[in-house]
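The lines below spell out each chain.
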Amino acid sequence: MPPPSAWPAITVLVPAYLEQGVIADKVDNISKNGYQGDVEILVVADGDPGTAAVAAAAGARVLLLEERHGKSQALNKGVAAASHDLIVISDANSELEYDALGYLVSALLVEGTGAVAGEKLEGAGGELAYWRFESWIKRNEARLGTTLGLDGGLCAVRREAWDPIPADISNDDFWIALDLMERGWSVGYEPRALMTEPSIGAFNLSWERKTRVLGGGLHVMWRKRRLLDPRRGLVSAELWGHKLWRSTLGPLSHLALLGVAAGSARRSRTARVFLAGHAVGAAALVAQEKGVSVPLPGRVVAQVLYLQIVAFGGMRRYLRGDRVLRWDKPAR
């Protein structure tokens, strides 16, 4: 799509909690992104005066919430306070590639588009391979008309399409995508709008975040369960294929297949190879946790195995009603 003849003014909304060490760099990254229209940088400091002070000193407009509300409600307050009708949402620790804002806005101006997802790359090895696979899915969903793969690290929304996120929702980006699609808006995908994030690092932090996100996603799907009806068309197909199968039925089928392979190992070479592959993946996962360098194929297998295990952790959290709206996080 060609760039607009007159670039509209935008608000870049950054929800932030315990981001005192990175927020000034984030403001600078946005300021130098090359967008040709007016840019308001709005930092919503979620009960965090330290981050608010650093952001203000860096040149951002700051909305300081008196107490912590959690990301979803911080976004609600930020959208309500934004000065402009086109709003880019971006995490405080993500780095935008040059002109990411321009690519997002160009895609958002397509008629009927309520939001646009940017492309996220995080970590290295198996983790990076996972995000590239996610990008491939989003790209192909968007070619069909809409994608549910919105990521809060970088996305853009129209204020006219925004409905406030309910108070019990922790997966803000997934809710936004489904809510827009349910109301007839499409969600675009712009792979040239690229942002990168460092890996979350430690195993316990990764496990906590991934199981929380998966459990919260199951809650979103339950709240939006009418969209699973096949009569909903594309939205239903994407929900079943992109989310529900991968987070529940797929891992359960995988576990059942492991049981079948274990019972057939003595008489089936295929079963033995299948089990050996899992043993290699488990060994690679343990080795990575201990800081041992693992070849790329081993890292990819380890990542696949890890995500299957994470799915069971997420299902357990969902079934227990463990929905964390204000999660613990390290200061950055």
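Above this text sits the structure in question.
The shown structure was predicted, so the numbers you read here are calculated from the model rather than taken from an experiment. (Residues numbered from 1 in each chain as written. Predicted model: local features only at pLDDT ≥ 70, side-chain atom pairs only at ≥ 80, totals over all residues. Heavy atoms only, no water.)

(A) Structural detail: the packing of aromatic side chains. In the structure shown here, the tally under the stated rule is three aromatic pairs. Seen from their ring centres, W7 and Y35 are 5.3 Å apart, and the 80° between their planes marks the pair as edge-to-face. One end of the pair, W7, is in the segment before β1 (10-16); the other, Y35, is in the loop between α1 (23-31) and β2 (39-46), with 28 residues separating them in the sequence. Each of the two residues, W7 as well as Y35, counts as buried. Seen from the ring of Y17, R68 lies directly overhead, with NZ or CZ sitting 3.8 Å from the centre. One cation-aromatic arrangement involves R225 over W222; the distance from NZ or CZ to the ring centre is 3.9 Å. (Phe/Tyr/Trp six-rings, centres within 6.5 Å; stacked < 30°, edge-to-face > 60°. Helix = DSSP H or I, 4+ residues; strand = E, 2+ residues; numbered from the N terminus. Buried < 20%, exposed > 50% of the residue type's maximum accessible area, 1.4 Å probe, protein only. Lys NZ or Arg CZ within 6 Å of the ring centre and 35° of its normal.)

(B) Quick peek at the pairing of β1. Counting buried positions along β1 gives seven out of seven residues, so the element sits mostly inside the fold. Across the two faces of β1 the burial is the same, with I10, V12, V14 and A16 and T11, L13 and P15 all buried. With seven bridges connecting them, β1 and β2 associate as parallel partners. Within β2, the position partnered with A16 by the bridge is A45. Crossover β1 to β2 through α1 is right-handed. By the bridge criterion, four bridges tie β1 to strand β4 (residues 86-90) in an arrangement that is parallel. (Pairing = 2+ DSSP bridges. Right-handed = clockwise from strand over helix to strand, strands pointing away.)

(C) How the structure looks around the side chain of R158. By the element assignment, R158 lies in strand β7 (residues 154-158). Within the local environment of R158, its side chain forms a polar contact with the backbone oxygen of T113, the two atoms lying 2.6 Å apart. Among residues more than four places away in sequence, those in contact with R158 are D85, L86, L108, L109, V110, T113, G114 and W185. (Polar contact = N/O pair within 3.5 Å; in protein donor to acceptor, adjacent residues only side chain to side chain. Contact = heavy atoms within 4.5 Å.)

(D) Main features of helix α2 (residues 49-57). Here α2 has its buried residues at T51, A52 and A55. Buried residues of α2, viewed axially, fall in a sector of 100°; they line one side. Summarising the geometry of α2, the exposed residues directed more than 90 degrees from the buried face are P49 and A57. Buried residues belonging to α2 abut β1, α1, β2 and β3 (61-65). Looking one or two residues past α2, G59 carries a phi angle of roughly 110°, positive in sign. (Arc of directions from axis to C-beta.)

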